[in-house]
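Okay, here's what each chain looks like letter by letter:
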Amino acid sequence: MPVESGSGGVSAAGRQAKQKRKSHSLSIRRTNSTEQDRVGMQRDLLEGQESKLPSSIRSNLLDLFGQIEREFENLYIENLELRREIDTLNERLAADGQTVDGGDLSKGPLKAKASHSTSQLSQKLKTTYKASTSKRSHSFPGKVGGPCNFNVGNWELWGGDSWVTALLPPCVPVCMNSPSMGLIVSSFKATTSRALCQLAKEYVGHRDGIWDLSVSRAAPVILGTASADHNAMLWSIETGKCLLKYVGHAGSVNSIKFHPTEQMALTASGDQTAHIWRFVVQLPAPQPVADISVPCEDDVDFSDKDDADGEPEGPSECPSVRVASTVLKSHQGVVIAADWLVGGKQAVTASWDRAANLYDVETSELVHSLTGHDQELTHCCTHPTQRLVVTSSRDTTFRLWDFRDPSIHSVNVFQGHTDTVTSAVFTVGDNVVSGSDDRTVKVWDLKNMRSPIATIRTDSAVNRISVSVSQRIIALPHDNRQVRLFDMAGVRLARLPRSNRQGHRRMVCCSAWSEDNPYCNLFTCGFDRQAIGWNINIPALLQEK
């Protein structure tokens, strides 16, 4: 029971101090808040904070944040109900002296509900939130300071700032990382491959999610990563040491590709440009390889106790490059991807302005503007030996552009997905492999484009895929933090290990093969701010097949 002070003046002063402290406090946990509370909080934010933004733009931003919060609240409530159902089921099984059988649960409504909940969360983060903010960010004049930097580069790519990453932990551990959910999810196994997938090295140093990675084709062989922290980094594959950092972009770095023959890198950014920059690195002496191999299907005790929510322990000293040798700029929106054409004399970029541009590298002049997509582009890729380009889009299609004949530039449209095509890549032969948010991967024959020759159906959205050159194994990075390997016929070969000790702890954004490297032949990166190098026993995988 509170006790009133004997002095009225002291009591009044105490109340004023308390009110003053409360006026400067902001509660983040508002899962039980009503619509009126949200409106009042938005009004308080508008009146109590100084900003150079017009009030209409601030109001629109707060409306968007409110929609995101409501989605999280709905998913949080649904996850609580799901956990209660799981606890009830576990109690029944324990009373009967039984254990949870993944084969039975995978056929019931429990898996469907869990998958639906997880899918809702990833789609809201990747699609609704990204699309809503991108439509408004073009109206911002530039930086406004503070942690929420409303620069085109920060906001127009998958929540570029670190605080957006912080939105995940209150909900995601309930949805995917609780002990009960871990038991359910880990039991959904279609195969029992005995091949070894060895985690060889982790590359940690970025301060935000890593969207793309690539391995250089010319010596020295190094790993490159592109991150939402506005930086691109070059790494020693064997030691995991950062060799060089490129800091020339003013927005999120969305992709990185190495020149076929020279020590140059091509990066695409949310600042509406693509940069070509040269690098000179010296590889350190390799370290002894530690044997930390585990079976590919070994998923144990999911936990986020070591989740990458704090500042990573990155390299303390890393040389940097600040100025690009060539800047490619003619887009009116985020440049989401870029790649070199065969020979390295031309480069292609894909943008959220619904166009792809072909540039002359030496003069930086625009050669062709490739238009026709109905929505934002998500990826572009070039053929390794021919002048062919494939572009992917949110309009559920991808297009093949043929520049082999200088006088005729033909285009073919591939239709077959029902959601955003996140990437489409060439194989050495006459095939294109496409991945989509509709949870499918399709293999196409360039000579017969009416229908795919193989379809891979998964339980989660697929991000930027890659295909190995010699064995043609497809690496699928998923929203649900899994990485799966398939052959071109759609046969599943393995799933990379993920546990509380190793593997990705957030959405996996990209994969890249490097078959000639004896140390790591597959690389993945994700929203957990790290890239991982894997040593895949490809002969064993094919033998199990």
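Because the structure is predicted, anything quoted here is derived from the model rather than measured.

Applying the stated criterion across every chain yields a total of 1 disulfide. The thiol sulfur of Cys381 is not disulfide-bonded, and the nearest other cysteine sulfur, from Cys380, lies at 7.7 Å. Judged by its relative accessible area of 11%, Cys381 is buried.

Turning our attention to the layout of surface pockets. Where empty space is left in the structure can be found by rolling a water-sized probe over the atoms. Volume-wise, the second largest pocket comes out at about 1100 Å³. Lining the second largest pocket are 39 residues, with Val215, Arg217, Val467, Val469 and Trp513 positioned closest to its centre. Elements supplying a minimum of two residues to the lining of the second largest pocket: strand 2 (210-215), strand 6 (253-258), strand 12 (335-340), strand 16 (377-382), strand 20 (421-426), strand 24 (466-467) and strand 28 (508-513). Residues that form the lining of the second largest pocket fall into these classes: 19 nonpolar, 13 polar and 7 charged.

Each neighbour pair has its own omega, and for Ala219 with Pro220 the value is 0°, a cis peptide bond. Relative to the helices and strands, Pro220 resides in the loop between strand 2 and strand 3 (223-227). In this model, Arg472 sits at a positive phi of 55°, which is unusual for a non-glycine residue. Assignment of secondary structure puts Arg472 in the loop between strand 24 and strand 25 (473-477). A positive phi angle is found at Arg529, which is not glycine, with a value near 70°.

What counts and how
Residues numbered from 1 in each chain as written. Predicted model: local features only at pLDDT ≥ 70, side-chain atom pairs only at ≥ 80, totals over all residues. Heavy atoms only, no water. Disulfide = S-S within 2.5 Å. Buried < 20%, exposed > 50% of the residue type's maximum accessible area, 1.4 Å probe, protein only. 1 Å grid on protein atoms, 1.4 Å probe; cavity = no way out; pocket = protein on both sides within 12 Å on 5 of 7 lines; lining within 4 Å. Points joined across faces, edges and corners; volume = space filled by probe spheres on them. Helix = DSSP H or I, 4+ residues; strand = E, 2+ residues; numbered from the N terminus. Nonpolar A, V, L, I, M, F, W, Y, C, P; charged D, E, K, R; others polar.

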